Amino acid sequence: MKRLILMRHGHALPALGERADFERPLSGRGERDAQLVAERLLAAGWIPERIVASAAPRALATANILARAMSEPALVVEDELYLAGGDLLRRAILRHGGDSQTIALVGHNPGMTLLIRDLAEIYLDDLPTAGVAGIEFEGLSWRALGGGRLIYFDAPLLQR
């Protein structure tokens, strides 16, 4: 069985002045929310062996918070995951899943929401910032992505 954690980056500061969207950092709220969700993910036993993250500062900071909470699993950073759609996200899973049983992908909407809908075959309107979905797959290979079951879902606003 394979387990996939899909996490949207935490709340970010707005793109102001010359700061481009890509460069937006996490806000203080985003840091706190990512930490809270990472701790609850750990407590629920969803511990990735590898984290794959977008290179955008807000996603990378979220991935680093997740990694610290999980005792520093391998962290892979991919430029192409910035605002990536489902196909690019799927390819990243295949590229980096390897023999890991559980991996995490930290990225952006709308791609994360669309991938959750596709892989778990559910309707999700919008994965909120620092929101996380845990999907299980019966297959023994990451190539068998499909027909997953949404087992875990959390977002900062769910338990404030």
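Structure's up top.
Please read these numbers as outputs of a predicted model, since none were measured by experiment.

## Observations regarding the overall build of the chain
Part 1 of the reasoning: A count of helices and strands for the chain gives four helices and six strands.
Part 2 of the reasoning: In the chain, the succession of helices and strands from N to C terminus is β-α-β-α-β-α-β-α-β-β.
Part 3 of the reasoning: Expected size for 160 residues packed as a compact globule is a radius of gyration near 15 Å; at 14 Å, the chain falls within 12% of this value.
Part 4 of the reasoning: Seen along its three principal axes, the alpha-carbon backbone of the chain occupies a region of about 45 × 30 × 30 Å.
Part 5 of the reasoning: For the chain, buried positions account for 49% of its 160 residues.
Part 6 of the reasoning: Restricting the contact set of the chain to residue pairs at least 6 apart, pairs at least 24 apart contribute 71%.
Part 7 of the reasoning: In the form shown here, the chain has an accessible surface area of approximately 7200 Å², with 52% of it arising from carbon and sulfur atoms.

## Considering helix α3 (residues 86–97)
Part 1 of the reasoning: For α3, which comprises twelve residues, the first-to-last C-alpha distance of 16 Å matches the rise-based estimate of 16 Å (1.5 Å per residue) to within 8%.
Part 2 of the reasoning: Buried residues along α3 sit in contact with β1 (2–8), β2 (50–54), β3 (74–78), β4 (102–107) and α4 (111–120).
Part 3 of the reasoning: Looking one or two residues beyond α3, the residue adopting positive phi is G98, at roughly 50°.

## Side note on the packing of α3 against α4
Part 1 of the reasoning: Running from N to C, α3 and α4 cross one another at 70°; their axes reach a closest spacing of 9 Å. Taken as axis vectors, α3 and α4 run roughly perpendicular relative to one another. Contacts between α3 and α4 involve G86, L89, R90 and I93 from the first element and G111, M112, L115, D118 and L119 from the second.
Part 2 of the reasoning: Considered class by class, the residues forming the contact of α3 with α4 number five nonpolar, two polar and two charged.

## Brief notes about the environment of R19
Part 1 of the reasoning: The residue R19 is located in the loop between β1 and α1 (28–43) in this model.
Part 2 of the reasoning: Beyond its immediate sequence surroundings of up to four residues, R19 is in contact with L13, P14, R24 and P25.

## Description of the side chain of R8
Part 1 of the reasoning: Turning to its location among the elements, R8 is positioned in strand β1.
Part 2 of the reasoning: Engagement of the side chain of R8 in a polar contact is seen with the backbone oxygen of L127, the distance being 2.7 Å.
Part 3 of the reasoning: Beyond its immediate chain neighbours, meaning those up to four positions away, R8 contacts T62, G107, N109, D126, L127, P128, T129, A130 and G131.

## What about the pattern of salt bridges?
Where charged atoms from two side chains of opposite charge come close, those side chains can pair.
Part 1 of the reasoning: Summed over the entire model, instances satisfying the criterion amount to eleven salt bridges.
Part 2 of the reasoning: Linking R40 and D154 is a salt bridge whose minimum nitrogen-to-oxygen distance equals 2.7 Å. Taken together, the residues span a long stretch of sequence, with R40 in helix α1 and D154 in strand β6 (residues 149–154) at a distance of 114 residues. Comparing R40 with D154 shows no difference in burial state: the two are buried.
Part 3 of the reasoning: Note that R149 is salt-bridged to E138, the shortest N-O span being 3.3 Å.

## A closer look at a nonpolar patch on the surface
Part 1 of the reasoning: Together, I122, L150 and F153 line one region of the surface with nonpolar side chains, adding up to about 200 Å² of accessible area.
Part 2 of the reasoning: Inspection of the secondary structure puts I122 in the loop between α4 and β5 (132–137).

Analysis parameters
- Residues numbered from 1 in each chain as written.
- Predicted model: local features only at pLDDT ≥ 70, side-chain atom pairs only at ≥ 80, totals over all residues.
- Heavy atoms only, no water.
- Helix = DSSP H or I, 4+ residues; strand = E, 2+ residues; numbered from the N terminus.
- Rg over C-alpha atoms; globule rule 2.2 N^0.38 Å.
- Buried < 20%, exposed > 50% of the residue type's maximum accessible area, 1.4 Å probe, protein only.
- Contact = heavy atoms within 4.5 Å.
- Areas by Shrake-Rupley, 256 points an atom, 1.4 Å probe, with all protein chains shown as cover.
- Expected span 1.5 Å × (residues − 1).
- Axes fitted to C-alpha atoms, helices over the stretch in contact; angles between N-to-C directions.
- Parallel < 35°, antiparallel > 145°, perpendicular 65-115°, else oblique.
- Nonpolar A, V, L, I, M, F, W, Y, C, P; charged D, E, K, R; others polar.
- Polar contact = N/O pair within 3.5 Å; in protein donor to acceptor, adjacent residues only side chain to side chain.
- Salt bridge = Lys/Arg side-chain N within 4 Å of Asp/Glu carboxyl O.
- Patch = residues over 30% accessible without salt bridge, like charges linked within 9 Å, V, L, I, M, F, W, Y side chains within 5 Å.

So far we have only geometry, and geometry alone does not tell us how the molecule works.
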